[in-house]
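Per-entry structural report
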Amino acid sequence: MTLILLLFLSSTSLQLLAGNLTITVEGVNTEQELNIRSVLSIEQLSNQEVTNPSRLRYLHSLADSEIRTALQPFGFYRPQITTELRKSDQDWRARYTVSPGKPLLISELDIQISGAASDDETFQQLLTKSSLRQGQPLIHSQYEQLKKQLRSLAVERGYYQAEMTRHRVDVNLSEYTATVMLYLDSGPRFNIGEITFAPNPFADDYLRLYATFATGDPAQNSRLIELQSALIDTDYFRRVEVRPLWNQMSDTEVPVYVDLDANKRTKYHAGLGYGTDTGARAKLGMTKRWVNRQGHQFHTQLLTSEIITNLSAEYSIPGQNPRQDRYSLLFSLLDENSDSVETRNYSVGITRQQQYGSLQQVIALNYQQEESTFSGETDTSHFLIPQINYSTISTKDRLHVKNGYRLSLQLRGSSKTLLSTEDFIQTRLNAKGIYSINNKFRLLGRAEAGTTWVDNFDALPASLRFFAGGDNSVRGYDYKSLGPRNDSGDVVGGRNLFVGSIELDYRLKENWGVAAFIDSGNAFDDTEFSLHTGIGIGLRWFSPVGPVRFDLAVPQNDGDNSSLHLHFNLGADL
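Residues numbered from 1 in each chain as written. Predicted model: local features only at pLDDT ≥ 70, side-chain atom pairs only at ≥ 80, totals over all residues. Heavy atoms only, no water.

Focus on the overall build of the protein chain
Along the backbone of the protein chain there are eight helices and 26 strands. Relative to a compact globule of 574 residues, whose C-alpha radius of gyration would be 25 Å, the protein chain shows 35 Å and is clearly more extended. Structurally, the protein chain occupies a C-alpha span of about 105 × 75 × 55 Å along its principal axes. Out of the 574 residues in the protein chain, the part that is buried amounts to 41%. If you sum the accessible surface of the protein chain, you get close to 30,900 Å²; carbon and sulfur atoms cover 52% of it. (Helix = DSSP H or I, 4+ residues; strand = E, 2+ residues; numbered from the N terminus. Rg over C-alpha atoms; globule rule 2.2 N^0.38 Å. Buried < 20%, exposed > 50% of the residue type's maximum accessible area, 1.4 Å probe, protein only. Areas by Shrake-Rupley, 256 points an atom, 1.4 Å probe, with all protein chains shown as cover.)

Focus on the sheet that holds strand β10 (residues 253-262)
The sheet built from three strands is open, its strands ordered β8-β10-β9 with mixed pairing. Because the sheet does not close on itself, it has two edges, and the strands there are β8 (191-197) and β9 (237-244). Going from strand to strand, the sheet's axes swing by 20° on average, the running direction of each strand aside. With seven bridges joining them, β9 and β10 adopt antiparallel strand pairing. (Pairing = 2+ DSSP bridges. Axes fitted to C-alpha atoms, helices over the stretch in contact; angles between N-to-C directions.)

A closer look at the nonpolar core
Ranked by size, the top nonpolar core spans 23 residues in total, and within it Leu207, Leu227, Leu231, Phe237, Val258 and Leu260 carry the most contacts. Here this core gets four residues from one element, more than from any other, and that element is helix α8 (residues 221-233). Among residues more than four places away in sequence, those in contact with Val258 are Thr196, Phe197, Ala198, Leu227, Leu231, Val240, Glu241 and Val242. (Core = buried A, V, L, I, M, F, W, Y, C linked by side-chain atoms within 4.5 Å. Contact = heavy atoms within 4.5 Å.)

Details of the side chain of Arg465
Relative to the helices and strands, Arg465 is located in the loop between β21 (441-454) and β22 (496-509). Buried charge Arg465 goes without a salt bridge, the closest partner of opposite sign being Asp458 at 4.8 Å. A polar atom in the side chain of Arg465 sits 2.8 Å from the backbone oxygen of Leu460. If we ignore the near neighbours within four places in the chain, the residues touching Arg465 are Phe374, Phe457, Asp458, Leu460, Val492, Gly493 and Gly494. (Lys, Arg positive; Asp, Glu negative; His and termini not counted. Salt bridge = Lys/Arg side-chain N within 4 Å of Asp/Glu carboxyl O. Polar contact = N/O pair within 3.5 Å; in protein donor to acceptor, adjacent residues only side chain to side chain.)

A look at the packing of aromatic side chains
Evaluated as defined, the whole model comprises 16 aromatic pairs. Taking 5.8 Å as the distance between ring centres and 65° as the angle between the ring planes, the aromatic pair formed by Phe123 and Tyr159 counts as edge-to-face. Placement of Phe123 in helix α5 (residues 121-129) and of Tyr159 in the loop between α6 (140-156) and β6 (163-172) is noted, with a sequence separation of 36 residues between them. You'll find Phe123 and Tyr159 in the same group, each marked buried. (Phe/Tyr/Trp six-rings, centres within 6.5 Å; stacked < 30°, edge-to-face > 60°.)

Focus: the packing of α5 against α6
Between α5 and α6, the least distance of the axes is 11 Å, while the angle of their chain directions is 160°. Between α5 and α6, the angle is such that the two are roughly antiparallel. Two packed elements cross with a definite hand, and for α5 against α6 that hand is right-handed. Between α5, through Thr122, Phe123, Leu126 and Leu127, and α6, the contact on the second element is made entirely by Leu146, Gln149, Leu150, Leu153 and Ala154. Its residues assigned to classes, the contact of α5 with α6 shows seven nonpolar, two polar and no charged. (Parallel < 35°, antiparallel > 145°, perpendicular 65-115°, else oblique. Left-handed = near helix turned anticlockwise from the far one by under 90°. Nonpolar A, V, L, I, M, F, W, Y, C, P; charged D, E, K, R; others polar.)

A word on a nonpolar patch on the surface
Together, Tyr435, Ile437, Phe441, Leu443, Ile502, Leu504, Ile518 and Ile535 line one region of the surface with nonpolar side chains, adding up to about 690 Å² of accessible area. When contributions to the nonpolar patch are tallied by element, the ones reaching two or more residues are β21 and β22. You can see Leu504 is positioned in strand β22. Accessibility expressed as a relative area gives 34% for Leu504, which makes it partly exposed. (Patch = residues over 30% accessible without salt bridge, like charges linked within 9 Å, V, L, I, M, F, W, Y side chains within 5 Å.)

With respect to the confidence of the model for the protein chain
Of the residues in the protein chain, 96% have a pLDDT of 70 or more, and the chain-wide mean is 91. Between residues 1-17, whose pLDDT stays under 50, and residues either more than four places distant or in other chains, the model counts three contacts. (pLDDT = per-residue confidence, 0-100.)

Description of the environment of Leu570
Along the chain, the position of Leu570 falls in strand β26 (residues 565-570). On the basis of relative accessible area, Leu570 is assigned to the partly exposed category, the value being 45%. As a C-alpha pair, Leu570 and Asp235 span 335 residues in sequence and 24 Å in three-dimensional space. Contacts of Leu570, omitting those with residues within four sequence positions, involve Val545, Gly546, Pro547, Val548 and Arg549.

The structure is reproduced here in structure tokens:
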């Protein structure tokens with residue numbers, strides 16, 4: 001019993017005397033310190049109670065050797081190290097002061113590329129960009145990076161039998177220099193053989209238009225992956241796999257097989273929703289993913305709401321480069337009956353859409369006939385309108401944007417000599433940018449401007465006039481409620497438009513956030529105009545299909561209805 005009591009008291013006294021361990025490393029940069037701490041055995045006791053001083057002293061004795069090892073990848077082989085372990089009150093402190101000294105230099109850099117790649121300039125370009133240099137410090141990560149890059153480039157360029165025949169680093173501590181050797185034997189370069197496709201609803205010649213390579217070209221992994229991505233993006237297929245057939249290789253030619261599973265040919269979609277601009281709304285649509293073996297597509301949609309009904313149809317024809325070039329035949333019936341606008345529009349047209357990197361160009365020719373009613377008077381007009389649009393979007397994730405922007409420019413016009421009621425030229429510019437201040441705050445800016453050159457503005461129908469107000473314009477005002485008015489006080493739209501908005505949103509937690517904003521703008525005829533401003537707050541739900549926005553806004557101008565306006569909107573930020 002006495003022995004048990006003594007053991008208990010001894011254990012209790014040790015626990016009362018135990019203190020925490022603090023470790024400091026001085027004299028090195030952040031990257032070097034992180035590497036040192038990753039190999040220090042004593043680091044496992046950092047900020048913990050020291051219950052076994054003997055083990056602590058043993059781990060401390062290993063520190064000098066471990067720090068030397070940790071500095072070698074950075075080229076330091078002769079560091080000066082001072083180690084100290086002391087106890088202050090109940091706590092322990094381990095302190096390591098390091099002077100890395102002079103880095104070990106590369107005295108000889110021997111890089112050789114043999115085989116078919118010896119004449120490939122891409123490898124020489126890689127060596128030129130490499131940070132590994134004779135006379136420079138030996139940084140082991142640079143050596144490993146270049147070795148990895150050479151291997152990856154060989155596979156990427158079609159040298160599938162490439163191997164590193166020699167790769168080593170010899171360190172001479174007596175002379176304090178290093179010799180680096182990297183020998184790559186690329187072997188032969190393999191080329192694309194016959195390209196075949198699994199049975200599918202499309203002509204092989206059409207599907208080959210999506211490839212950026214042909215039989216006889218070098219077999220490059222990136223191009224095979226690019227073809228796979230391009231075919232998936234068409235929406236024709238639910239599964240695509242592009243693979244080289246090595247077991248059927250002939251000499252240096254590798255056949256490529258594209259395995260495909262087609263999607264369902266017809267896709268139907270329907271939806272119900274509500275927007276403060278449109279009221280309750282419904283959507284019905286049908287898409288023929290392919291009409292024939294040449295990849296033609298057909299899409300039709302009926303969109304109806306309390307103020308707008310729109311029936312549209314589009315027949316699309318891929319161009320010679322279907323990933324970047326597409327033609328469409330368009331048809332539309334539009335009936336709009338809002339507080340400001342009453343119009344019926346019938347239009348047919350043809351467009352050509354081309355993609356230049358992130359820039360999209362759309363050239364269109366539309367013929368429209370429209371009946372517009374203002375103050376009980378209905379006018380009928382017809383226009384043949386050539387139009388060109390440019391747009392670009394830059395962001396990593398359109399559904400959850402942290403940073404990015406969207407720009408679009410539209411230019412259109414008509415002539416009375418070409419089936420049109422009136423001559424006019426109109427341009428419109430839209431811009432929006434998003435910047436994340438930190439993980440919680442985002443700043444959003446939006447601007448829209450447009451102008452019209454026309455002699456007889458009254459001849460323009462509602463669809464060719466500018467209006468402001470609504471969910472995506474100046475919040476705090478009803479849909480298309482801002483603009484010049486006629487003698488009866490009805491909004492009739494203007495020649496020009498300017499709208500700007502600044503918004504700050506804050507992510508509360510998970511998928512919820514709040515926002516504060518100020519919008520200002522108007523449609524107008526002359527150079528002198530008054531801006532109408534709305535300010536408000538909003539609630540954000542960042543749903544899987546994009547942000548859902550609930551906004552409360554109040555108009556600020558004298559004479560405006562100062563009642564609270566609710567705005568509801570769903571869609572991508574950009």
